[in-house]
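# Breakdown of the fold
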Amino acid sequence: MIFSRIFVAAALFSALSAVPVIAETSAERQTLFQAMLRDPADPDLMLQYARQAVKEQDFEAAVATLERLIDRDPASVEARSELAAAYFALGANEVALYHFKILQGSDALTPDQQRQMARYADEAQDRNAKSSFSGFAQAGFAVLGDNGKVGATASLGLVHRYDPNGPSGTVFITTLRADYLDFGSSSTTGQRSVAFTYGPSLRLAGTQYGPVLRPYLAVRSTNDNKIAFDRDAIGFGVSLEAPLTQSWSTFANLEGGKIRYDASTVDGNYVDGQLGLIWFLGRDTSVRSSVISQKVDIADPLIESDFRAARVDIQKRLRPSFASYDWKISGFVQTETESFTSGREDKVKRVGAALQAYISETVYINSEVQYYDRNSNVVGFEKSEPLFSITVGMEF
């Protein structure tokens, strides 16, 4: 069964990687092109054509048209914004940064546009660095809603990017993530986990916007405050992100390897798979939906299991009128089923929401609420539990 899942996932990856990045010229774009031929000096037609080319992910055509428009009207904020974004998508970060800096000095931008240009400029500058670190750290307290028990929570995430060949080449990415939640030895609610990955990020189309394939090594360790679920794993995986249009993107991940549970003297195998879509409703709002599958193959009927889940996440970035910095609002809904060889079957529903309010460009206060509800066909495994947490964090 493990190998059949791998073959199915491999076929899925082949199908995704075959998705064309550059769409054929649409009828709308052909109509705009013919109109430009009749009136080549019309700036509105040129801007419409460039925007349509961006929608179809033909950034080279957009750049060529916008450069002509900027030559005619260097003060056009709309044209320069589109040009900077097109260069950014192509990975021409120095040229994009040049235009972003011009835009940041313009009085024609609204405060929201100024902040957007600043974020783009910062990212373009980061992309030019051969080696860069980024990450976050946060810590605070959590409260179990069913009994009011207070515990400690903390998270740390680090990403190192090494780019030896330029922004459109191969980037080697190392990630480290650690999470901690503890309510004391008297509680079975809590978890300590560490995850490490390393591997190259391959840009299949040679641009910043195109599909990205990332094979990687993964090492994971989890302590669940329940000895039967403490586990260590090492495996290999591959992930794929493939933009479909300006508003839609797809992603997939497949990982498999060896796993060992502290409660068992037998090592086993695991395979994880995930497939999803991202819908960008604007530059600051996205909806992410995914299906998840995991198979643990081990000679212990209490541990060997088949896990399936569906999840939807939504995130929005905004700035309230009374705030000096951006806020992030997010939420998720997840439903899952886990079937064990022993005959036990758990059905779980999770729902959560979070508000991340920035008090500076990098420091934030995160308030989060989650609800966990588990039904089981085995008496004693049912559980319903709300969880509240407040943390203070910093991004770097």
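Remember, it's a predicted structure, so these values are computed and weren't measured experimentally.

Cut-off values and rules
- Residues numbered from 1 in each chain as written.
- Predicted model: local features only at pLDDT ≥ 70, side-chain atom pairs only at ≥ 80, totals over all residues.
- Heavy atoms only, no water.
- Helix = DSSP H or I, 4+ residues; strand = E, 2+ residues; numbered from the N terminus.
- Buried < 20%, exposed > 50% of the residue type's maximum accessible area, 1.4 Å probe, protein only.
- Contact = heavy atoms within 4.5 Å.
- Axes fitted to C-alpha atoms, helices over the stretch in contact; angles between N-to-C directions.
- Parallel < 35°, antiparallel > 145°, perpendicular 65-115°, else oblique.
- Left-handed = near helix turned anticlockwise from the far one by under 90°.
- Nonpolar A, V, L, I, M, F, W, Y, C, P; charged D, E, K, R; others polar.
- Phe/Tyr/Trp six-rings, centres within 6.5 Å; stacked < 30°, edge-to-face > 60°.
- Core = buried A, V, L, I, M, F, W, Y, C linked by side-chain atoms within 4.5 Å.
- Lys, Arg positive; Asp, Glu negative; His and termini not counted.
- Salt bridge = Lys/Arg side-chain N within 4 Å of Asp/Glu carboxyl O.
- Polar contact = N/O pair within 3.5 Å; in protein donor to acceptor, adjacent residues only side chain to side chain.
- Patch = residues over 30% accessible without salt bridge, like charges linked within 9 Å, V, L, I, M, F, W, Y side chains within 5 Å.
- Areas by Shrake-Rupley, 256 points an atom, 1.4 Å probe, with all protein chains shown as cover.
- Pairing = 2+ DSSP bridges.
- pLDDT = per-residue confidence, 0-100.

Moving on to the overall build of the protein. Secondary structure assignment for the protein yields seven helices and 14 strands. For the protein, with 396 residues in total, the buried portion stands at 41%. Taking as baseline every contact in the protein between residues at least 6 positions apart, the subset at least 24 positions apart corresponds to 52%.

Packing of helix α3 (residues 43-55) against helix α4 (residues 59-72) leaves a shortest axis separation of 8 Å and a crossing angle of 155 degrees. Here α3 is positioned roughly antiparallel relative to α4, judged by the angle of their axes. Between α3 and α4 the crossing geometry is left-handed. The segment α3 lies against α4, with Pro43, Met46, Leu47, Tyr49, Ala50, Ala53 and Val54 engaging Phe59, Ala61, Ala62, Thr65, Leu66, Arg68, Leu69 and Arg72. Of the residues that constitute the contact of α3 with α4, the class distribution is twelve nonpolar, one polar and two charged.

Before going further, it helps to spend a moment on the packing of aromatic side chains. Scanning the entire structure with this criterion turns up five aromatic pairs. Taking 6.5 Å as the distance between ring centres and 15 degrees as the angle between the ring planes, the aromatic pair formed by Phe172 and Tyr198 counts as stacked. Taken together, the positions of Phe172 in strand β3 (residues 171-182) and Tyr198 in strand β4 (residues 190-203) put the pair 26 residues apart, joining distant regions of the chain. Overall, the relative accessible area of 39% leaves Tyr198 in the partly exposed class.

The next subject is the nonpolar core. Of all hydrophobic cores here, the largest spans 32 residues; its most connected members are Phe59, Ala62, Val63, Leu66, Leu69, Leu83 and Phe100. At the level of secondary structure, the elements contributing two or more residues to this core comprise α2 (27-38), α3, α4, α5 (77-90), α6 (93-104) and α7 (111-128). Listed in part, the seven residues of the second largest apolar core include Ile259, Val296, Ile298 and Ile303.

Moving on, we get to the packing of α4 against α5. Where α4 contacts α5, the axes come no closer than 9 Å and their chain directions differ by 145 degrees. The interaxial crossing formed by α4 with α5 has left-handed handedness. Residues Phe59, Glu60, Val63, Leu66, Glu67, Leu69 and Ile70 of α4 form the contact with α5, whose own contacting residues are Ala79, Arg80, Glu82, Leu83, Ala86, Tyr87, Ala89 and Leu90. Within the contact of α4 with α5, the residues separate by chemical class into eleven nonpolar, no polar and four charged.

Its location among the elements puts Arg80 in helix α5. One buried charged residue, Arg80, forms no salt bridge at all, with the nearest opposite charge on Glu67 at 7.1 Å. A distance of 2.9 Å separates a polar atom in the side chain of Arg80 from a polar atom in the side chain of His99. Discounting residues that sit within four places of it in the chain, Arg80 has contacts with Ile70, Pro74, His99, Ile102 and Leu103.

Moving on to a nonpolar patch on the surface. Taken together, the side chains of Phe141, Val150, Ile359, Ile365, Ile390 and Val392 define a hydrophobic patch exposed on the protein surface, amounting to about 520 Å² of accessible area. With respect to the helices, strands and loops of the structure, Val392 is situated in strand β14 (residues 383-395).

Bringing the pattern of salt bridges into the picture now. Proximity of charged atoms lets side chains of opposite charge pair with each other. Tallied over the full model, the rule gives 17 salt bridges. Connected via shared salt-bridge partners are Arg51, Glu78 and Glu82.

Next up on the list: the pairing of strand β8 (residues 268-282). Sheet analysis places strand β7 (residues 248-261) next to β8, joined by twelve bridges and oriented antiparallel. The residue bridging Leu254 from the neighbouring strand is Gly273, located in β8. Where β8 and strand β9 (residues 285-297) come together, 13 bridges link them in antiparallel fashion. By the bridge assignment for β9, Asn269 is matched with Asp297. As consecutive antiparallel partners, β8 and β9 are separated by two residues.

A few words now on the confidence of the model for the protein. Looking at the protein as a whole, the pLDDT averages 84, with 86% of positions reaching at least 70. Predicted confidence for residues 1-23 stays below pLDDT 50, and this span has 32 contacts to residues more than four positions away or in other chains.

With that settled, the discussion passes to the environment of Ser360. Inspection of the secondary structure assignment puts Ser360 in the loop between β12 (345-358) and β13 (363-376). Exposure remark for Ser360: the relative accessible area of 21% places this residue in the partly exposed category. Separated by 34 residues in the primary sequence, Ser360 and Met394 have C-alpha atoms spaced 9.3 Å apart. Within polar-contact distance, the side chain of Ser360 engages the backbone nitrogen of Val363 at 3.0 Å.

Here Arg311 is to be found in strand β10 (residues 305-318). Residues Arg311 and Ser289, 22 residues apart in the sequence, show an inter-C-alpha distance of 5.7 Å. Setting aside residues no more than four positions away along its own chain, Arg311 makes contact with Arg288, Ser289, Ser290, Phe332, Val333 and Gln334. At a separation of 2.8 Å, a polar atom in the side chain of Arg311 contacts the side chain of Asp313.

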